[in-house]
Amino acid sequence: MGLKDSRMFHKYARTAFDEIDMDKTGRVDYKEVCIGILKIYDRLNATFPAHVIAPKRTEMLDMCKKYDKDGGGTIEFEEFLNMSKVLVGNRKKFTESLVWRYFSVLTLKVVVCPLAAGYLLQYLRSVGAPLAHKVPAAPLASMLETGI
């Protein structure tokens, strides 16, 4: 089960929809849908270790027209949920998708930084840098990860 099929994503979508459905009719207009999608992205970006760029307004409006089954200019929750899943999971460029962003951040944190720290310590020890033998690799990897 992927992120867009998870209970967490459904909860974020429901919360965003309920927040923008001010009159509690169960239907929202296209402008409100754009606000709701941005709320989902804000919550996802606050939850996960990578920032993902939200779709452009024109992209969201095109999706509203596509998912508005009756063409009345409003979206119900199920339409909003399906549209949100597509916007989050199927971006034009794979490198802009949530999957790619989270994979790249985790790869950096779990593989690249620890390897770089190990090689850096190995080099420092080989050139006889003072105190290089006392520096553990984990804190150095953490510093590389944060850019310090």
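Read on for a plain summary of the structure. These numbers come from a predicted model, not from an experiment. (Residues numbered from 1 in each chain as written. Predicted model: local features only at pLDDT ≥ 70, side-chain atom pairs only at ≥ 80, totals over all residues. Heavy atoms only, no water.)

A few points about the packing of aromatic side chains
Convention followed: Paired rings are identified among Phe, Tyr and Trp, the last through its six-membered ring, by centres lying within 6.5 Å, and are further divided according to the angle between planes into stacked (under 30 degrees), edge-to-face (over 60) and tilted (the rest). Think of it this way: any DSSP run of H or I at least four residues long counts as a helix, any run of E at least two long counts as a strand, and we number them from the N terminus. Burial status follows relative accessibility: with a 1.4 Å probe on protein chains alone, a residue under 20% of its type maximum counts as buried, one over 50% as exposed, and anything between as partly exposed.
Applying the stated rule across the entire model yields two aromatic pairs. With a centroid separation of 5.6 Å and 75° between ring planes, the pair formed by F17 and F77 is classed as edge-to-face. Of this pair, F17 sits in helix 1 (residues 7-20) while F77 sits in helix 4 (residues 77-89), placing them 60 residues apart in sequence. Here F17 matches F77 in class, with each residue buried.

Looking at the pattern of salt bridges
Pairing of side chains with opposite charge becomes possible as their charged atoms draw close. What counts here: Within this document, salt bridges are pairs made up of a side-chain nitrogen of Lys or Arg and a carboxyl oxygen of Asp or Glu, the two lying within 4 Å of each other.
One pass over the full model with this rule turns up five salt bridges. Of the charged contacts in the structure, one is a salt bridge between E19 and K39, with a shortest N-O distance of 3.0 Å. Of this pair, E19 sits in helix 1 while K39 is found in helix 2 (residues 30-47), placing the two residues 20 residues apart along the sequence. Since its relative accessible area comes to 32%, E19 is described here as partly exposed. Taking the relative accessible area as the measure of exposure, K39 reaches 27% and is therefore partly exposed.

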